[in-house]
Amino acid sequence: MTAPGVAERLTSLVGALRAHGMRIGTGETVDAAQAVAALGLADRELLREGLAATLLHGTVQRQVFDPVFDLYFPRGVGGPETEPADREDLRERLSAALAAGDVVMMGQLAAEAVDGFGGYGTSPGSEGWSSHQTLDRLRPQTLLARVRENVRARNGSSGFADRLLDDEIRRRIETFRRQVAVEARRRIAEQRDRDELARRAVATTPDRVDFLYAGKLQLAELRRTVQPLARKLATRLAARRRRASRGSIDLRRTLRGSLSTGGVPMKPVLRRRRPMRPELVLLCDVSGSVSGFSDFTMLLVQALHDQFSKVRVFAFVNRLDEVTRLLDHGAADPEGLGARIRAEATLTGWHGSSDYGVALGEFAERYGDAVGPRTTVFVLGDARTNMSDPNLTSVRQVAERARRVYWLNPEPHAQWGTGDSAAPEYAELVEMHECRNARQLGALVARLLPV
Amino acid sequence: MSSGPIRAELEAPLLFTSVDDVSARLAATGYLASPAVATTVFLADRLGKPLLVEGPAGVGKTELAKAVAEVADARLVRLQCYEGVDESRALYEWNHAKQLLRISAGRDETWDETRTDIFSEEFLLTRPLLTAIRGDDPKVLLIDETDKADVEVEGLLLEVLSDFQVTVPELGTITATRRPFVVLTSNASRELSEALRRRCLFLHIGFPEEELERRIVRLKVPGLDEALAGSVVRVVGAMRAMDLRKVPSVAETIDWARTLLALGADTLGETVVRDTLGVLLKHQDDVLKAAAKLDVDAV
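Computed from a prediction, not measured in an experiment: that's the story for all the values here.

Asker: Even after reading the chapter, I still don't get the overall build of chain A, so can you show me in this structure?
Answerer: Looking only at helices and strands, one finds 19 helices and 8 strands in chain A. Across the 451 residues of chain A, 49% fall into the buried class. By sequence separation, contacts in chain A at least 24 residues apart represent 74% of the contacts at least 6 residues apart. Accessible area of chain A: about 21,800 Å², with a carbon and sulfur share of 52%.

Asker: Is there a simple way to explain the sheet that holds strand β7 (residues 404-409) of chain A in this structure?
Answerer: The strands that make up a sheet are held in pairs by hydrogen bonds between backbone atoms, and each pair lies either parallel or antiparallel. All names here are of chain A. The 6 strands are arranged β5-β4-β3-β6-β7-β8 in an open sheet whose pairing can be described as mixed. The open sheet terminates on both sides in strands that have one partner only, identified here as β5 (320-322) and β8 (431-434). Each adjacent strand pair in this sheet contributes to an overall mean axis angle of 20°, direction not counted. Across 3 bridges, the pairing between strand β4 (residues 310-316) and β5 is antiparallel. Looking at β5, one finds that Ala 315 is bridged to Asp 321. Along the sheet, helix α16 (residues 356-366) contacts β3 (279-285), β4, β5 and β7; its crossing angle with β5, the most-contacted strand, is approximately 45°. Set on the sheet, helix α19 (residues 438-448) makes contact with β6 (375-380), β7 and β8; between it and β8 the angle comes to about 150°.

Asker: How do you make sense of the domain arrangement of chain A when you look at a structure like this?
Answerer: A common way to report how large an interface is uses the accessible area buried once the components associate. In terms of domains, chain A is made up of domain 1 (4-72), domain 2 (87-203), domain 3 (226-244 + 276-448) and domain 4 (248-274). Just the C-alpha atoms count here: the centres of domain 1 of chain A and domain 4 of chain A sit 51 Å apart.

Asker: Would you mind showing me how to read the interface of chain B and chain A here?
Answerer: With 44 residues of chain B in contact, the opposing surface of chain A contributes 45 residues. Across the chain B-chain A interface, the total number found is 3 salt bridges. The interface formed by chain B and chain A includes 6 residue pairs in polar contact (both at pLDDT 80 or more). Secondary structure elements with two or more residues in the side of chain B that touches chain A: α2 (35-47), α5 (96-105), α9 (194-198), β9 (201-204), α11 (226-241), α13 (270-280) and α14 (284-294) of chain B. The element that contributes the greatest number of residues to the side of chain B that touches chain A is α2 of chain B, accounting for 7 residues. Classifying every residue of the side of chain B that touches chain A by side-chain character gives 18 nonpolar, 10 polar and 16 charged.

Asker: Teacher, can you tell me more about the state of the cysteines here?
Answerer: For the structure shown, the criterion picks out 0 disulfides over all chains. You can see Cys 81 of chain B has no disulfide; the closest cysteine sulfur is in Cys 200 of chain B, sitting 12 Å from it.

Asker: Would you mind showing me how to read the domain arrangement of chain B here?
Answerer: If you check the domain split of chain B, you get domain 1 (19-88 + 127-204), domain 2 (92-125) and domain 3 (210-294). Its C-alpha centre places domain 2 of chain B at a distance of 58 Å from the equivalent point of domain 3 of chain B.

Asker: Honestly, the nonpolar core in this entry has me stumped. Any pointers?
Answerer: General note: in soluble globular proteins, nonpolar side chains tend to be found buried as a group. Counting 86 residues, the largest nonpolar core has Leu 13, Leu 17, Leu 51 and Leu 55 of chain A together with Leu 129, Ile 143 and Leu 184 of chain B as the members making the most contacts within it. Those residues in contact with Leu 17 of chain A that sit more than four places away from it in its chain are Met 22, Ile 24, Leu 55, Val 64, Phe 65 and Val 68 of chain A. Membership of the second largest hydrophobic core comes to 70 residues, among which are Leu 39 and Leu 164 of chain A together with Leu 43 and Leu 281 of chain B.

Asker: Would you take a moment to explain the pattern of salt bridges for this structure?
Answerer: The full count for this structure, using the stated rule, is 47 salt bridges over all chains. One salt bridge in this structure joins Lys 49 of chain B and Asp 31 of chain A, with 2.3 Å as the shortest N-O distance. Taken as a pair, Lys 49 of chain B in the loop between α2 and β1 (51-54) and Asp 31 of chain A in helix α2 (residues 26-39) lie in two separate chains rather than in one. Asp 31 of chain A shares its class with Lys 49 of chain B; the two are buried. The closest approach of N and O atoms between Arg 87 of chain A and Glu 88 of chain A, which form a salt bridge, is 4.0 Å. According to the relative accessible area criterion, Arg 87 of chain A is partly exposed, its value standing at 33%. On the basis of relative accessible area, Glu 88 of chain A is assigned to the partly exposed category, the value being 40%. A cluster of three or more residues bridged by salt bridges with shared partners is formed by Arg 44, Glu 45, Arg 48, Glu 49, Arg 62, Asp 66 and Asp 70 of chain A.

Asker: Mind showing me how you'd approach helix α6 (residues 103-117) of chain A here?
Answerer: Between its first and last C-alpha atoms α6 of chain A spans 20 Å; for 15 residues at 1.5 Å apiece the expected length is 21 Å, and the two agree. N-capping of α6 of chain A is provided by Asp 102 of chain A, with a side-chain oxygen placed 3.3 Å from the backbone N of Val 104 of chain A.

Asker: Would you mind going over a nonpolar patch on the surface with me for this structure?
Answerer: Together, Ile 249, Leu 251, Leu 255 and Leu 270 of chain A give the surface a local cluster of nonpolar side chains, amounting to about 380 Å² of exposed area. With respect to the helices and strands, Leu 251 of chain A occurs in helix α13 (residues 251-258).

Asker: Help me understand the packing of helix α12 (residues 250-263) of chain B against α13 of chain B in this model?
Answerer: Pairs of packed helices are described in terms of their axes, by the angle between the two and the distance that separates them. Residue and element names in this part refer to chain B. At their nearest, the axes of α12 and α13 sit 9 Å apart, and the two run at 140° to each other. Here α13 runs oblique to α12, going by the angle between their axes. Read as a crossing pair, α12 and α13 show a hand that is right-handed. Two secondary-structure elements touch here, α12 through Glu 252, Thr 253, Asp 255, Trp 256, Thr 259, Leu 260 and Leu 263 and α13 through Val 272, Val 273, Thr 276, Val 279 and Leu 280. For the contact of α12 with α13, a count of residues per class yields 7 nonpolar, 3 polar and 2 charged.

Asker: Explain the packing of aromatic side chains to me, please; I cannot follow it from the model alone.
Answerer: Aromatic rings considered in pairs are described by the distance between their centres and by the relative angle of their planes. Counted by the stated rule, this structure contains 10 aromatic pairs over all chains. Ring geometry for Phe 314 of chain A versus Tyr 367 of chain A: centroids 4.7 Å apart, planes at 55°, classification tilted. Taken together, the residues Phe 314 of chain A in strand β4 and Tyr 367 of chain A in the loop between α16 and β6 connect sequence positions 53 residues apart. Comparing Phe 314 of chain A with Tyr 367 of chain A, the two get one shared label, buried. Among the aromatic residues, those joined into a ring-pair cluster are Phe 316, Tyr 356, Trp 407 and Tyr 426 of chain A. When the ring centre of Trp 129 of chain A is taken as origin, the NZ or CZ atom of Arg 187 of chain A, which lies over that ring, is 4.1 Å away. Its end group placed over the ring of Phe 123 of chain B, Lys 98 of chain B keeps NZ or CZ at 5.6 Å from the ring centre.

Cut-offs used in this document
Residues numbered from 1 in each chain as written. Chains lettered and ligands numbered in written order. Predicted model: local features only at pLDDT ≥ 70, side-chain atom pairs only at ≥ 80, totals over all residues. Heavy atoms only, no water. Helix = DSSP H or I, 4+ residues; strand = E, 2+ residues; numbered from the N terminus. Buried < 20%, exposed > 50% of the residue type's maximum accessible area, 1.4 Å probe, protein only. Contact = heavy atoms within 4.5 Å. Areas by Shrake-Rupley, 256 points an atom, 1.4 Å probe, with all protein chains shown as cover. Pairing = 2+ DSSP bridges. Axes fitted to C-alpha atoms, helices over the stretch in contact; angles between N-to-C directions. Domains from an automatic or database assignment. Salt bridge = Lys/Arg side-chain N within 4 Å of Asp/Glu carboxyl O. Polar contact = N/O pair within 3.5 Å; in protein donor to acceptor, adjacent residues only side chain to side chain. Nonpolar A, V, L, I, M, F, W, Y, C, P; charged D, E, K, R; others polar. Disulfide = S-S within 2.5 Å. Core = buried A, V, L, I, M, F, W, Y, C linked by side-chain atoms within 4.5 Å. Expected span 1.5 Å × (residues − 1). Patch = residues over 30% accessible without salt bridge, like charges linked within 9 Å, V, L, I, M, F, W, Y side chains within 5 Å. Parallel < 35°, antiparallel > 145°, perpendicular 65-115°, else oblique. Left-handed = near helix turned anticlockwise from the far one by under 90°. Phe/Tyr/Trp six-rings, centres within 6.5 Å; stacked < 30°, edge-to-face > 60°. Lys NZ or Arg CZ within 6 Å of the ring centre and 35° of its normal.

What follows is the structure, given as structure tokens:
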């Protein structure tokens, strides 16, 4: 039904996607092959959409799928036919394409650019193609002014929307940078093992990115997943609460329901219990090393705030301060959260490195009344005390007073207790969980949050 | 590389001949489809699988089902999901009141006669899922906001969507003679189960490209000046790049274009934008933020 090479290529594509944690069954692979048969191989973009429709199950998977697809079904083979262009000429043509917003032309120029400026190494085995080097030589970001003039000259001033021009051009330049990266990866794939490259050179979905190693862009992307994740968790908690309801029969509603069965009460209706709203206290280490993790968790818990009667959030480095008001719903701007906390709360004393012992001691002393028998406490941090006293007494004190205490540690389990980590000591007193990425956090929060 | 028909059983005539055919015929009903949408609709028809559509509110998920129904000249059967929707709302229900009337009307009948009579078609209230698989006329089944329904309903859907049959204990199994074109929509407020996703083709409808959105605006608001439509789409595009609580969707773009038309504005100016921002943005802090970014003073 399909050409012989295609089936093999399709299965290795599926293999690469599975290596990125997607669960794709044989049934879906067969569907994908049928899609290939129905669509044909003539139009690459149709093929891409067809395979995405049959193989993927969610929106986040798309950003892994696209680069992998580009590797297995490349746009072409080898470099462009044209002579290597000189830099100024290429920049000139690029600025024209950017001004027109012509994505196809930009793609062709990306191929020329990688061909002309991206190659490095001469001996076989060490040569390669670099998107970084290409962009470094071409410097598309410096074209902004030229493109702006170009656009203005072409259609004159279009009034109000003109003030958006700079941002639009920046976005187009960003598109071009991505095209260069795709092109460079395609050229590398021609030389090296494609399967290997698909596994390593394609970034994984944001919910699997390690908090501790996430870059600035990835953290921003993670923040955008807070709201949907919170919504999902909220429905799950509500469902759990509903299921947990049992007890006496609500006579009025049972009789009302029995009218449709001729007065025979076939379905007893139970009285709804008043939901008990638990209280939540968060203690977050916001020192540089783990701030990405605690920012994300704070936002998540704040987004869940209407599930709880009271949420109080405390931040610490080596001193501790309450930051609940900084997280106020709506007023919070997630981008600057970390900076705002560090600017407005007193978190450091004499030095700038984190000290769990002092901070936890201060919590037990100053905010001890925040913890009661209905309170669940979450401690977020890597438990690295910089060699100072872990102050186990205060932790025990808090643990005795609270309903539950959980510690979420963004470090992999194997690193607990290495160096200055006091994780094993704390783990004896409170329940400690490894929480390295958004996926783990989502699962933990769903399991641990009190109903 | 042509191949024979892929679907063996439950043959319904194919609706579309090619992806271009999908785009053209959907466009004729007033639905402008992106290549991704057209390809997936084509495949759903070819492979005979349900289509699961996700995406932000107001990008035309439900409209797609309506457009397909119009193209196929089919009846649109709609199951609106909500929390607590159950078998008797989704599948079928016996009309108890009518059955009671029937029993009391026929006093001197034997019980056997009555029993066979009250469990017949006449007393069956068909709900959307059963309606969709009965009868020979073409149908499009729209299961709207699937994520709002409880997990148990998903189990019900699995049976209906994989075999296209429903078992009513008193009547026996009812199998579809003609498979309906099924569209499920979801706002992703709850993760649908993997089993359900596996049975469907997945389509994510995002915000359209600038060019496509301009065509949509021109189609839906025909009186609008072409240059103004271009500016409207550019401003909305810029807002989507901002970090807002609720970014404007296609529905809001069209509303805004209609508002501008009603106000008789022929170009976008500071005053007009400031006065009508509320059409696009639904939160006060979003309005303030967008106004600051666009350099207009909000009130």
